[in-house]
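Per-entry structural report
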Amino acid sequence: MKIIIELFAFFLIFIFRSYSCAETKSIQVIVIDSETNFRVHHATVKIVELEKTYTCNDSGEVEIPILNYGNYTFAVNHISYEENVSQILINEKVNNRIAFYLIPKTIQLDPVVISDYKSYSTFDDLNEIMNVLKGKNLQRQMGLTLASTLKNEAGLSMRSMGPAPSRPVIRGLGSNRVVISEDGIKTVDLSATSPDHAVTIDPFSVDRIEVLRGPKVLTQTSTTIGGVVNTIRNEIPTTLHDDLIGSIGGYSETVNNGYLGSAMLEYPISDFALRGEVSKRKTEDLNTPVGKLINSDSENLVYSFAGSYFTNFGIMGLSFRDFELDYGVPGGFIGAHPKGVNIDISKNQINFLSKINFSNDFINDLEISISKIYYRHKEFEASGTIGSEFELNNYLGKAEIKHKNYGVISNGILGTEFEYEDFNIGGFVFTPPSTSTNLSTYYFEYIDLNRIKLELGGRYEFNKITPQKENSNSKIGNIRERIFNTYSLSFSFLYEISNIVYVGTNLSKSSRTPTIEELFSQGPHLAAYSYEVGNPDLMDESGFGSEIFIYHNFENLYFNLTFFRNSLNNYIIPRNSGEINYATFLPIYQTTGVEAELWGFENRIDWNICDCLKLSNTISYTNGKIKNEGYLPQIPPMKGLLEITYKMHDWSLGLLNEWALKQDKVDEFEEPTMGYFIQNFFFQYSFTTEKFVHNLSLNADNIFNQEYRNHLSRVKSILPEAGRNFRFLYKLYFHL
């Protein structure tokens, strides 16, 4: 490994040494609102050592002329924001453009994440604006699940089978084409394999949710055409605070008589930081405009504790998290149990993280993470009989080297990753217990050529899937060990027409290995109400994706428009065969690979009409077809959100119109869905009392109690989505 690192560093120096020759440089500072991502105009930037102060222009930028190399203290101030003081080393390697994020005085989230400075990347800026949900926006959109919290973001939809089992879908792509992670660690559960399985994340305790696309996706998955939904809560502390920090929160909603309580504390002891968190949620059956959705209740308990040790060379940390969830899956439609099914999930996870900083000229840091996850999942009939049981034992490991800046290149990552999964199955499911082994390596780089910005990445994966017992004469085919070698590539190009207008494109080659369930499933799946038939001869899913985009970031107007097209060979989907298994009276879903094409567009507009009035709009559309056949199943209709917000210093209120057109471009045996238009209202108030920050949100959803149905819901045939709902959220942050 040492030889590889030295060769890699030598290679980078050899290529880019010519770019480092000056002993002074000019810096362009950009000041950004950490909550809205809009530029902060007229903020002051003081260099303490030089006793010089500069003022940002109307675009939130200021040019600081020639600075000698050395360490400087930057103090960034604005009357409406918390002061940001950061130490920055100016040398030939630091980026010429540095962004400072300021926290509005009426809200203080995790100061670790958003009060620090970072080397400015235009792709980071674009991603922060388009694909990050945080602060008050996150609290306002907070739902029961991760998917319901994200459902109105551009390009995202929600697949569901009742309120609790739901999962985000990106541009019509679901399953494990969308990777969900926590603090960058892949979330292990079975939510990607079936619509009745829940995601094991409660969104209430997360600080921010980011959707990653483009080459950086390859640091976590080989599926470049989908994306990564990463939730950030910094469970293992990475910064040593000087005092106790924490938050206490509560949440309730009327549509299911649900409530939640949550608390988090982090406390420093010498060179250690200790963190603990607990949350409890309970909901009853969901009310809809035409009646109650029986057996849709849920109960969830999550707790965790963690600690970090801070040394001269970096940090080491360890965490333990336990997640318990009981929820109901409604019945009553064709093939379903009349009284529904109950599911009991138990999961615990141990994470180790080490980050080592280097003082040489080549490597910035080495980050190592190791995780052990145990997941158990039982499905019960109304009588209490276990119909299906699944158990996972997973071991994950990851090592990443980040290099220092070399002239035009920065933020580069070289990494390797492994995962071992032991998958056991019980009950009346006849899928053979199996193991899977994954080894992968990846590379990511950012290149800044003034007006042209580039990102590129690559990933190679080795996957071996081994059934406990091979069977060449099974009803579904030859069940045997399968080995897959796949690679993925991605390249992004961004051209700066001006400092507020950008155009770009992304090209990618994507791959995905079939899952154990897609290869070897055989038998009834109780809660999914289907008889699942796998295909042991499946090849890996591969294809090419492309998109072009333009975005403007004027002082009071943000505009983004993206067109995309994905073409896939052997797109793996379970399709309703139209046949019935007469032993169980369940519809047969056959897993198959087809040639598919998905294309569409997304648009988002944020317009500050005046200081207190803002108009926002999003539109998303995806069209999915099977080559020489009909339409792909489970493709969301054209949908969008129109929002108008009135905002004063410490409070805001607004109207939201959520709409979708009808979806009649459906697969054979799939039901079409009518369009809808519903109205929502929100009010938010934030205030500070000494060392406490209080945030309150009141939402009224579906004000007119209108009947509407989500096309991606498996229970839409029996009852519509939630009726009129009042949601109340309170969160208290403190730093004592």
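Reference entry: report on the structure contained in this document. (Residues numbered from 1 in each chain as written. Predicted model: local features only at pLDDT ≥ 70, side-chain atom pairs only at ≥ 80, totals over all residues. Heavy atoms only, no water.)

The next point concerns the packing of aromatic side chains. Throughout the structure, instances matching the rule amount to 17 aromatic pairs. With a centroid separation of 6.1 Å and 50 degrees between ring planes, the pair formed by Phe563 and Phe601 is classed as tilted. Within this pair, whereas Phe563 is found in strand β36 (residues 557–581), its partner Phe601 is found in strand β37 (residues 586–610), the two being separated by 38 residues in sequence. Phe563 gets classed as partly exposed once you look at its relative accessible area, which sits at 40%. Given a relative accessible area of 21%, Phe601 falls into the partly exposed group. Seen from their ring centres, Tyr646 and Trp651 are 5.8 Å apart, and the 45 degrees between their planes marks the pair as tilted. Assessed through its relative accessible area of 33%, Tyr646 is described here as partly exposed. Ring-pair connections join several aromatic residues into one group, and the members of that group are Phe563, Trp599, Phe601 and Tyr621. A cation over an aromatic ring shows up here: Lys625 above the ring of Tyr631, its NZ or CZ 5.0 Å from the ring centre. (Phe/Tyr/Trp six-rings, centres within 6.5 Å; stacked < 30°, edge-to-face > 60°. Helix = DSSP H or I, 4+ residues; strand = E, 2+ residues; numbered from the N terminus. Buried < 20%, exposed > 50% of the residue type's maximum accessible area, 1.4 Å probe, protein only. Lys NZ or Arg CZ within 6 Å of the ring centre and 35° of its normal.)

Moving on, we come to the side chain of Asn351. Tracing the chain through its elements places Asn351 in strand β23 (residues 341–357). Looking at Asn351, its side chain comes within polar contact range of the side chain of Gln349, at 3.0 Å. There is a polar contact of 2.7 Å between the side chain of Asn351 and the side chain of Ser371. Those residues in contact with Asn351, other than ones at most four positions away along the chain, are Ile185, Glu235, Ile236, Gly317, Leu318, Ser319, Ile370 and Ser371. (Polar contact = N/O pair within 3.5 Å; in protein donor to acceptor, adjacent residues only side chain to side chain. Contact = heavy atoms within 4.5 Å.)

A few words now on the pairing of strand β17 (residues 258–269). Residues of β17 alternate between two faces, with Gly258, Leu260, Ser262, Met264, Glu266 and Pro268 buried on one and Tyr259, Gly261, Ala263, Leu265, Tyr267 and Ile269 left unburied on the opposite face. Examined bridge by bridge, strand β16 (residues 245–253) and β17 share 9 bridges and lie antiparallel to one another. In the sheet register, Gly250 faces β17, and the bridge partner there is Gly261. Joining the antiparallel neighbours β16 and β17 is a turn of 4 residues, in which Asn257 adopts a positive phi near 50 degrees. Sheet topology places β17 next to strand β18 (residues 272–283); 11 bridges connect them, and they run antiparallel. Within β18, the residue paired with Tyr259 across the bridge is Lys282. (Pairing = 2+ DSSP bridges.)

This part covers unusual backbone geometry. Here Asn257, not a glycine, exhibits a phi torsion of approximately 50 degrees, which is positive. Its location among the elements puts Asn257 in the loop between β16 and β17. On the basis of relative accessibility, which here comes to 47%, the residue Asn257 falls in the partly exposed class. One non-glycine residue, Asn295, lies in the positive phi region at around 65 degrees. Within the fold, Asn295 resides in the loop between β20 (291–293) and β21 (298–311). Take Asn295: its relative accessible area is 11%, and that puts it in the buried class.

Turning our eyes to something else, we now look at the pattern of salt bridges. Here the structure, examined in full by the defined rule, presents 31 salt bridges. One salt bridge in this structure joins Glu602 and Arg213, with 3.5 Å as the shortest N-O distance. Highlighted residues: Glu602 in strand β37 and Arg213 in the loop between β14 (208–212) and β15 (227–232), separated in sequence by 389 residues. In this structure, the salt-bridge partner of Glu496 is Lys453, at a minimum N-O distance of 3.5 Å. Within this pair, whereas Glu496 is found in strand β31 (residues 482–498), its partner Lys453 is found in strand β28 (residues 452–467), the two being separated by 43 residues in sequence. (Salt bridge = Lys/Arg side-chain N within 4 Å of Asp/Glu carboxyl O.)

Further remarks concern the nonpolar core. Core analysis: the biggest nonpolar cluster contains 36 residues, and Tyr327, Ile345 and Phe423 have the highest contact counts within it. Here this core gets 4 residues from one element, more than from any other, and that element is strand β22 (residues 314–329). Those residues in contact with Ile345, other than ones at most four positions away along the chain, are Ala198, Thr200, Phe323, Glu324, Leu325, Asp326, Tyr327, Tyr375, Arg376 and His377. With 21 residues, the next largest nonpolar core counts Cys56, Ile64, Leu67 and Tyr81 among its residues. (Core = buried A, V, L, I, M, F, W, Y, C linked by side-chain atoms within 4.5 Å.)

On the basis of which strands lie adjacent, the open sheet formed by 4 strands has the order β3-β2-β5-β6 and antiparallel pairing. The sheet terminates laterally at β3 (52–55) and β6 (84–90), the two strands that pair on one side only. The sheet shows a mean angle of 25 degrees between the axes of neighbouring strands, taken without regard to direction. For strand β5 (residues 70–77) and β6, the ladder comprises 7 bridges, and the chain directions are antiparallel. Residue pairing across strands places Phe74 opposite Ser86, the latter belonging to β6. (Axes fitted to C-alpha atoms, helices over the stretch in contact; angles between N-to-C directions.)

Here Asn710 shows up in the loop between β42 (692–701) and β43 (725–735). A residue is classified by how much of its surface remains accessible, and Asn710, at 16% relative accessible area, is buried. Within the structure, Asn710 has its side chain in polar contact with the backbone oxygen of Met158 (distance 2.8 Å). Apart from the residues within four sequence positions on either side, Asn710 is in contact with Met158, Ser160, Lys716 and Glu721.

This next bit is on the environment of Glu602. Accessibility expressed as a relative area gives 4% for Glu602, which makes it buried. As a C-alpha pair, Glu602 and Ser620 span 18 residues in sequence and 4.5 Å in three-dimensional space. Once residues lying within four places of it in the same chain are set aside, the contact partners of Glu602 are Gly155, Arg171, Arg213, Asn560, Leu561, Thr562, Phe564, Ile619 and Ser620. Polar contacts involving the side chain of Glu602 include one to the side chain of Arg171, which spans 2.6 Å. Side chain to side chain, Glu602 and Arg213 meet in a polar contact 3.5 Å long.

Everything listed here is a matter of coordinates, which is why it stays silent on function.
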